[in-house]
Amino acid sequence: MPRTRRPALQAVILYAAGILAGYNADPPIGLLLVLAALLLGLSLCLRRRRTIAISSWLLAAAFFLVACLQHEAFSRNFPSHHILNYRDAPDPVVIQGRVISDPVRKDKNATLILEATAIDHGTGTVRTCGKIWLTVRDFTGQLAYGDQVRIRGRLRVPSQARNPGEFDYRAYLARRSIHVLMTLRPESIQEVSKESVGWPMRVVRLVRRHLNRTIDRTLKGSPGALLRGVLLGERRRLPAEVTEAFSDSGVIHVLAVSGLHVGLIVGIFYSLFCALRLRETVATLLTLNLIFLYMFVVDLRPSVVRATIMASVIMVGRLLERESDLLNAIAFAGLIILIWNPLFLFELGFQLSFVATLCIVYLHGRLKELLLPFLKATSPPWARWICSGLLVSLSAQLGTFPIIAYYFQKAPIISIVANLLVVPLIGLAVSLGFTSALLSLVSMGLARMYAAANWVLLTGLIRLVSFAASLPFAYLHIPRPSKMFISLYYVFLFLGANGKRSPAARRTFLFGGLILLNFLVWDQALERPGNLSVLFLDVGQGDAAFVRFPNGRTMLVDGGERKPRFDCGERMICPYLRRIGLQHLDVMVLTHADNDHVGGLPAVLEEFPVGLVLDSGARHLTKTYCRFLELAHAPGVVYQEVRAGDRLKICPEVEVTVLHPTEEFVTEDGDAPFGRNSASVVLRIKYGMVSFLLTGDIEEEAEEALLEGGCELGSTVLKVPHHGSKSSSILSFVRAVQPQVAVISVGRWNRFGHPGEEVLQRYQQFNVALYRTDQDGAVAMSTDGRRLELETVLGEKRRWTVNTRRPTEAR
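Predicted model only: the values in this text are computed from it and were never measured. (Residues numbered from 1 in each chain as written. Predicted model: local features only at pLDDT ≥ 70, side-chain atom pairs only at ≥ 80, totals over all residues. Heavy atoms only, no water.)

Considerations on empty space enclosed by the protein
For clarity, the threshold we go by: Here a cavity is any set of points on a 1 Å grid over the protein atoms alone where a 1.4 Å probe fits but cannot get out, and a pocket is any open set with protein on both sides within 12 Å along at least 5 of 7 lines; a residue lines the site when it has an atom within 4 Å of a point. Grid points are joined across faces, edges and corners, and a volume is the space filled by probe spheres set on the points.
Under the criterion given, the structure shown has 2 cavities of 30 Å³ or more. Approximately 90 Å³ is the volume attributed to the largest cavity. What lines the largest cavity is a set of 13 residues, and nearest its centre among them are D543, A544, A545, V557 and K719. Computed from the structure, the second largest cavity encloses a volume of approximately 60 Å³. What lines the second largest cavity is a set of 13 residues, and nearest its centre among them are T214, T218, L227, G433 and S436.

Observations concerning the pattern of salt bridges
Quick reminder of the rule: One side-chain nitrogen of Lys or Arg within 4 Å of one carboxyl oxygen of Asp or Glu is enough to make a salt bridge.
The full count for this structure, using the stated rule, is 26 salt bridges. Note that E561 and K563 form a salt bridge whose closest N and O atoms lie 3.6 Å from each other.

Description of the side chain of T400
Condition: Helix and strand assignments come from DSSP, with helices taken as H or I runs of at least 4 residues and strands as E runs of at least 2, each series counted from the N terminus. By the convention used here, residues are in contact when the closest approach between their heavy atoms is within 4.5 Å.
With respect to the helices and strands, the residue T400 is situated in helix α13 (residues 381-408). Apart from residues no more than four positions distant in its own chain, T400 is found in contact with L352, V355 and A356.

Re a nonpolar patch on the surface
Applied cut-off: A patch consists of residues exposed above 30% relative accessible area that lack any salt bridge, with like charges linked at up to 9 Å and nonpolar side chains (Val, Leu, Ile, Met, Phe, Trp, Tyr) linked at up to 5 Å. Residue exposure ignores everything except the shown protein chains as possible cover, and the areas themselves are Shrake-Rupley values with a 1.4 Å probe.
Side chains of L272, L276, L278, V282 and L286 sit close together on the surface and give an oily, nonpolar patch of about 390 Å² of accessible area. With respect to the secondary-structure elements, L278 resides in the loop between α8 (259-275) and α9 (280-297).

Some words on the packing of aromatic side chains
This is how the line gets drawn: Note on aromatic contacts: the rings of Phe and Tyr and the six-membered ring of Trp form a pair at centre separations within 6.5 Å, being stacked when their planes are under 30 degrees apart, edge-to-face when over 60 apart, and tilted otherwise. For the exposure calls, accessible area comes from a 1.4 Å probe over protein chains only, and a residue counts as buried if that area is under 20% of its type's maximum, exposed if over 50%, partly exposed in between. Note on geometry: a ring has a charge over it if NZ (lysine) or CZ (arginine) is within 6 Å of the ring centre and within 35 degrees of the ring normal.
Per the counting criterion, the structure on display carries 17 aromatic pairs. Look at Y23 and F346: their rings are 4.7 Å apart centre to centre, the planes differ by 35 degrees, and that puts the pair in the tilted class. Of this pair, Y23 sits in helix α1 (residues 7-25) while F346 sits in the loop between α11 (326-340) and α12 (348-371), and the two are 323 residues apart along the sequence. On the basis of relative accessibility, which here comes to 44%, the residue Y23 falls in the partly exposed class. Among the residues examined, F346 registers a relative accessible area of 19% and is labelled buried. On the basis of an interplanar angle of 85 degrees and a centroid distance of 5.4 Å, the ring pair of Y406 and Y407 is categorised as edge-to-face. Owing to a relative accessible area of 30%, Y407 belongs among the partly exposed residues under this scheme. Joined through ring pairs, the aromatic side chains of F401, F485, Y489 and Y490 make up one cluster. Across the ring face of Y172, the terminal group of R176 is positioned such that the distance to the ring centre comes to 3.9 Å.

Regarding unusual backbone geometry
In this structure, the amide linkage connecting H660 to the following residue, P661, adopts the cis form with an omega of 10 degrees. Positive phi, close to 55 degrees, is recorded for D26, a residue that is not glycine.

Looking at a positive patch on the surface
Stated precisely, the cut-off is as follows: Here the positive residues are Lys and Arg and the negative ones are Asp and Glu; neither His nor the chain ends is included. Taken as the charge centre is NZ of Lys, CZ of Arg, CG of Asp or CD of Glu, depending on the residue.
A cluster of basic side chains, namely K106, R236, R565 and R571, defines a positive patch on the protein surface. Turning to its location among the elements, R571 is positioned in helix α18 (residues 568-579).

So, the layout of surface pockets
Heads up, the condition is: Amino acid classes used here: Ala, Val, Leu, Ile, Met, Phe, Trp, Tyr, Cys and Pro are nonpolar; Asp, Glu, Lys and Arg are charged; the rest, including Gly, are polar.
The computed volume of the second largest pocket comes to approximately 400 Å³. Elements that contribute at least two residues to the lining of the second largest pocket include exactly α5 (199-218), α8, α9 and α14 (415-439). Looking at the lining of the second largest pocket element by element, the count peaks at 5 residues for α5. The residue makeup of the lining of the second largest pocket, split by class, is 14 nonpolar, 1 polar and no charged.

A few points about helix α15 (residues 444-470)
Keep this limit in mind: Given the number of residues in a helix, its expected span is that number minus one, multiplied by 1.5 Å. Contacts described as polar in this section are N or O atom pairs within 3.5 Å, which, within protein, must combine one atom able to donate a hydrogen with one able to accept it, while residues neighboring in sequence count only if both atoms come from side chains.
Over its 27 residues, α15 extends 38 Å from the first C-alpha to the last, a length consistent with the 39 Å expected when each residue adds 1.5 Å. Those residues of α15 lying buried are M444, A447, A451, N454, L457, L458, T459, L461, I462, V465, A468 and A469. Packed against the buried residues of α15 are α5, α6 (221-232), α7 (240-248) and α14. Its side-chain oxygen at 3.3 Å from the backbone nitrogen of G445, S443 defines the N-terminal cap of α15.

So, the packing of α6 against α14
Which entries qualify depends on this criterion: Axis angles are defined between N-to-C directions and span 0 to 180 degrees, where every axis is a line fitted to C-alpha atoms and, for a helix, only to the segment in contact. We call two directions roughly parallel when the angle between them is under 35 degrees, roughly antiparallel when it is over 145, roughly perpendicular when it lies between 65 and 115, and oblique otherwise.
Viewed as axis vectors pointing N to C, α6 and α14 meet at an angle of 90 degrees, and their least axial separation amounts to 10 Å. The pairing of α6 with α14 is recorded here as roughly perpendicular in orientation. Where α6 abuts α14, its residues L227, V230 and L231 lie against I426, A429, V430, G433 and F434. Each residue belonging to the contact of α6 with α14 can be placed in one class, and the counts come to 7 nonpolar, 1 polar and no charged.

Interpretation in functional terms is not warranted from these geometric data alone.
Below you can see the structure in the form of structure tokens.
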């Protein structure tokens, strides 16, 4: 059998590798341009001399460099007049531009995108370019697509990921070429001219508006929100519990518009045009026009663009009587999208769409071959249909498992069976939705009849998915896999899939697996003592520190704050603990009962089994603290009040000592005569020559008591008391601790003015390396007992040798 040539597959792999190289290396654009031109010229010269092999390699290298160059141009090279260059303007600016998206409403607010054309930042109006993500408070329809407007407000940069593995909103918007934000009210908007768009976009907006209006008039509640999500990709109105059920059952992908929708449009309308006895060429061209229209209606989502390009390749190939290779068609679609926007390579939707489709095409036939001994030709049709459907679902799940594990830290066990039921039902719901939208042009009564049937279907679908998600072991929480694990997984998946067809692949799979297993066994057997690691999480204006001991046991000190619409435990700490695969928290410490320390702990206690809970016992009968006490006294949890002199036996190699509070600061009745802050639990953690002093919110009185009590305060790392407040960090206390590193856990733009300027100067006076969560994000430290390594989420890495005073930069 002749080997199939797939030039598009080779090209997209090379192009993706070039984008990844640009992302990791950050090479100079000028150098890339010169090298790419040089290699291209050499390739053309050598081709003339008939040295085809060398010429091809040089051309491939030039193509690789072009991908690097395009990544740099999209992500880092902006013109001097780009709106991003005005992001640090201290005062409000006046911007003129054009609205290029429909407003998306949420509660009383709306978000939309503005293409800026001019800016006045106090020195006159100048030309500018770039997109702005606008949030309009109390929106009542002041803006629409195509409006030319003048707005006044303050530019902001989107927030970055501030804790390990957290969602990076800045990178998410950058992939859409949006680099600045602005929040404003209607009175800050001045309309220059009304909606002005060309006829193609008018058609797109007309179709989108008609679909939205039909759904609004025929379906209400969760079924309507679900149909809007699967038809138009708008999931904002879908209740959170429904979205979570789809995620937990492993069918979240059906909520995104995808190739299924394109396939349905092709099937419905191509069949209709053929039934009307149109010529094949006319039917094909009309169908292609419709799927391209739908591609724009859903805002050019990568999965729909991929499916549209694939459908175009296959349908045009049929017209030209040429057989299309599916893998090559998928690769061609991917190449077009990456050339259009190389940053889509890092988009979850792009990754899931292409990997799932590639694996279905590549693995389905190979998995079927493995089942042939069990599935005979005489098997009933329903059995073959079920097996085929299961294999399609299994192929997609095998391909997307590492991606889902990386982004969501979940392994949906029920998804293989759930997809077999949910995908056909979603296909039927989409078909009914399209039919209802078409019939509404003729008769709203007929449209409502089909919508009523769809309501029954969608309601049953939601209940089915909720039931699947509620089953025991519907999904498992797993740690975020490393990039090395993901690479090895795909290598072994490829070898295993080809094991029956290729003896070489079978041998490599077996011997490679044995070598890897041998390595893992010996690595476990020869395991050396681990490191002590401490992570100071960025929880805004609050405290939270996660400690992992050398023996693998864990401790959480404080949990950040809880607000009416934001719980640090639920939104920050629990997701982090899931990302690292934590199943059980050994020790939880509450330093004191203020909201910025206790706020997130109830959410952690609700989600994770906790062995021991420690508290100072200083009472503060708020609703949050009472809930914390209720959960801390639940069966299976040991609650204990601690006092100065207590020692925690968590790890034999590590000394954990309670230095504070004494009975003077917390009475037997739970009163705190010097205030709750000075009643904070103070811990000293010592591993070898390295020590950490965690001080809660102690103030001057408690610091003086520690000095008078003769405690061993000297520490390598100090968690600065009370967020760097002026009421803490007295000179004698800082001198006694003599830290090499100090960490201030503090919120950006906090209303308390923390940290105090004189406090910062005091630490600088002692040459302390100072880190702040408001400027550096989370601060992670690791030590083997002799050396201390530090890394901040926002970029800095440093290394200390503890018996020297000056830090040395890590290589």
